[in-house]
Amino acid sequence: MFGQTGASFARQVATGVIAAAALSSSFANASEVLSSEVYSKNLSRPLTYNVYLPTGYESSGKTTYPVLYLLHGNDGVRNDWVVKGHMQSTMDKLISHGDIPPAIVIMPDANTNWYVDLKERMETAFFSELIPHVEKTYRTITTRDGRLIGGLSMGGYGALRYVLKYPEKFKAAALLSPAIYNPEPPKDSSARFVKVFAEPNTGGEYSARVWQANNYPVFFDAFLKKGIKVPMYINSGDDDDFNIESEATRFYELLRANKQPAELRIVDGKHEWPVWSSTLPDALKYIFRDVQRPQRQD
């Protein structure tokens with residue numbers, strides 16, 4: 001059934017459209033946010049996601065669009081980006097003002113698996129099932145030049161891992177208050193309690209070894225050797241309960257010391273949605289700067 005393409009397919013499998021999307025969709029040819037899924041053999045369950053389709057998508061013929069994958073945080077869900085982060089209205093405004101090109105945004109549900117192949121095979125599902133499904137279902141640009149990634153907190157951790165391991169797949173990344181603690185998460189971090197970073201057969205007890213084996217320093221040297229520049233937008237609130245501002249600053253300095261393109265923003269606020277929703281426009285404008293624009297296919 002995944003051979004169908006475009007928004008018509010998404011409507012057929014949609015499990016519901018969130019309120020914000022329903023309101024804007026009342027206008028002909030407006031942007032919309034739809035809920036959909038793809039069955040994942042790696043997860044042994046459906047992988048659900050929301051998809052933002054820009055204004056004019058239905059009437060744009062065979063035009064292909066850049067695509068952004070947005071990853072939610074710990075205990076989050078796919079709806080958070082629209083309901084709490086105002087993603088749809090932000091995209092609409094930036095596109096209408098010409099600040100970013102029309103684009104598709106994919107917001108997957110990831111439970112609390114931290115986007116790694118530990119508690120579930122989420123990393124494998126993301127690359128071997130979700131991305132191919134998206135590129136088959138929607139008119140996305142299927143090369144690195146048209147593919148972006150971003151995430152907040154746990155999602156920032158996941159987005160950074162994916163960029164460092166697979167820089168050939170992403171043009172740029174946005175890391176909002178990324179949970180990239182080095183060498184270990186603070187004592188009150190959810191990373192210690194979600195039964196992801198555990199040694200086998202320990203009942204889910206946190207392991208420093210497992211955390212460090214999956215955190216960004218492990219991938220950094222190989223990333224540099226590939227010689228692929230991936231601009232990264234990094235931010236944090238200055239009152240972050242988990243001291244992420246220092247982690248974000250340290251990682252930014254590491255990038256700059258290695259002549260990697262990056263921007264850092266430390267803003268007023270805590271580890272919460274007002275920080276992420278208010279900085280999302282700035283992040284989007286940065287990562288969309290050099291992305292491939294929509295392409296008309298004849």
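It should be emphasised that the depicted structure is a prediction, and the values quoted were computed from it without experimental measurement. Residue numbers here run from 1 along each chain, matching the order of that chain's written sequence. Totals for whole chains, interfaces and linings use every residue, but because this is a predicted model, local features are given only for residues with pLDDT of at least 70 and side-chain atom pairs only at 80 or more, for both listing and counting. The side-chain quantities take in all heavy atoms of the structure and omit both hydrogens and water.

Our next topic: the overall build of the protein. Check the secondary structure of the protein and you find 10 helices and eight strands. We call a residue buried when its accessible area falls under 20% of the maximum for its residue type, exposed when it is over 50%, and partly exposed in between, using a 1.4 Å probe and counting protein chains only. Burial status across the protein gives 56% buried among its 298 residues. The contacts in the protein between residues at least 6 apart in sequence include a share of 73% that link residues at least 24 apart. Here, Shrake-Rupley sampling with a 1.4 Å probe gives the accessible areas, and only protein chains in the shown set may cover a residue. For the protein, the accessible area works out to roughly 12200 Å², and carbon and sulfur atoms hold 50% of it. Helical segments are the DSSP runs of H or I of at least four residues, strand segments are the runs of E of at least two, and each set is numbered from the N terminus. Contacts between residues were defined by any pair of non-hydrogen atoms, one from each residue, lying within 4.5 Å.

Another aspect to go through is the pattern of salt bridges. For salt bridges, the criterion is a side-chain nitrogen of Lys or Arg within 4 Å of an Asp or Glu carboxyl oxygen. Under the defined criterion, the tally for this structure stands at 13 salt bridges. We note a salt bridge from Arg 161 to Glu 123, for which the minimum N-O separation is 2.9 Å. One end of the pair, Arg 161, is in helix α6 (residues 154-165); the other, Glu 123, is in helix α5 (residues 122-137), and 38 residues separate them in sequence. Of the two residues examined, Arg 161 and Glu 123, each falls in the buried class. We note a salt bridge from Lys 171 to Asp 145, for which the minimum N-O separation is 3.5 Å. Highlighted residues: Lys 171 in the loop between α6 and β6 (173-176) and Asp 145 in the loop between α5 and β5 (147-152), separated in sequence by 26 residues. Given a relative accessible area of 33%, Asp 145 falls into the partly exposed group. If you follow the salt bridges from partner to partner, you end up with Glu 123, Arg 161 and Lys 165 in one network.

All right, on to the pairing of strand β7 (residues 232-237) then. For β7, the tally of buried residues reaches six of six residues, placing the bulk of the element in the interior. Of the two faces of β7, the one lined by Met 232, Ile 234 and Ser 236 and the one lined by Tyr 233, Asn 235 and Gly 237 are each fully buried. Between any two strands, pairing holds if DSSP finds at least two bridges. Of the strand pairs in this sheet, β6 and β7 are connected by four bridges, and their pairing is parallel. Residue Ala 173 lies in a different strand from β7, and its bridge partner there is Met 232. Taken together, β7, helix α9 (residues 244-257) and strand β8 (residues 262-267) form a β-α-β motif whose crossover is right-handed. Place the viewer so that the strands point away; then a crossover is right-handed whenever the path from the first strand over the helix to the second strand goes clockwise.

Strands sit in the order β1-β2-β4-β3-β5-β6-β7-β8 across an open sheet of eight strands; the sheet is mixed. Of all strands in the sheet, those with a lone pairing partner are β1 (32-40) and β8, marking the two edges. Pairwise comparison of adjacent strand axes, ignoring direction, gives a mean angle of 20° for this sheet. Both strand β3 (residues 67-71) and β5 contribute to a ladder of five bridges, which runs parallel. Each residue of the ladder has a partner; that of Leu 71, found in β5, is Gly 151. Axis definition: a line fitted to C-alpha atoms, limited for helices to the stretch in contact. Angles are taken between N-to-C directions and run from 0 to 180 degrees.

Another aspect to go through is the confidence of the model for the protein. For every residue, the predictor states its confidence as a pLDDT score lying anywhere from 0 to 100. Across the protein, the average pLDDT comes to 91, with 90% of residues at or above 70. In the model, residues 1-28 has pLDDT below 50 throughout and makes 58 contacts with residues more than four positions away in sequence or in other chains.

Moving on to helix α10 (residues 273-287). Note that an α-helix has 3.6 residues per turn; residues three or four places apart therefore point the same way. Helices are assigned an expected span. That span is 1.5 Å times one less than the residue count. Across its 15 residues, α10 extends 20 Å between first and last C-alpha, which sits within 8% of the 21 Å expected from 1.5 Å per residue. Here the bend at a residue means the angle between the axes of two seven-residue stretches, the one that ends at it and the one that starts at it. Of all the bends in α10, the greatest, near 45°, is centred on Leu 280, and the proline Pro 281 appears no more than four residues after it. Within the span of α10, buried status applies to Trp 273, Val 275, Trp 276, Ser 277, Thr 279, Leu 280, Ala 283, Leu 284, Tyr 286 and Ile 287.

Geometrically, the link from Asn 182 to Pro 183 is a cis peptide bond, its omega value of 15° lying close to zero. Along the polypeptide, Pro 183 turns up in the loop between β6 and α7 (208-214). We note that Ser 153 has phi near 50°; this positive angle belongs to a residue other than glycine. Position of Ser 153 among the secondary structure elements: in the loop between β5 and α6. Overall, the relative accessible area of 11% leaves Ser 153 in the buried class. Not every positive phi belongs to a glycine, and Lys 195 is a case in point at roughly 60°.

It is worth spelling out the side chain of Ser 60 at this point. By the element assignment, Ser 60 lies in the loop between β2 (45-53) and β3. Filtering out sequence-adjacent residues up to four positions away, Ser 60 remains in contact with Tyr 65, Arg 139 and Arg 296.

So, on to the packing of helix α4 (residues 87-96) against α10. Packing of α4 against α10 leaves a shortest axis separation of 10 Å and a crossing angle of 50°. With respect to α10, the element α4 is oriented oblique. Pair α4 / α10 crosses with right-handed handedness. Where α4 approaches α10, its residues Met 87, Thr 90, Met 91 and Leu 94 are matched on the opposing element by Leu 280, Pro 281, Leu 284 and Lys 285. Each residue is assigned to one of three groups, with Ala, Val, Leu, Ile, Met, Phe, Trp, Tyr, Cys and Pro labelled nonpolar, Asp, Glu, Lys and Arg labelled charged, and all others, Gly among them, labelled polar. For the contact of α4 with α10, the class distribution of residues is six nonpolar, one polar and one charged. In what follows, roughly perpendicular refers to angles from 65 to 115 degrees, roughly parallel to angles under 35, roughly antiparallel to angles over 145, and oblique to any angle outside these ranges. By definition, turning the near helix anticlockwise from the far helix through less than a right angle yields a left-handed crossing, and turning it clockwise yields a right-handed one.

Turning our eyes to something else, we now look at the environment of Val 77. In this structure, Val 77 sits in the loop between β3 and α3 (80-83). For Val 77, a relative accessible area of 40% corresponds to the partly exposed category. Spatially, the C-alpha atom of Val 77 lies 7.9 Å from that of Pro 108, the residues being 31 residues apart in sequence. The contacts of Val 77, once residues within four sequence positions are left out, are His 72 and Asp 109.

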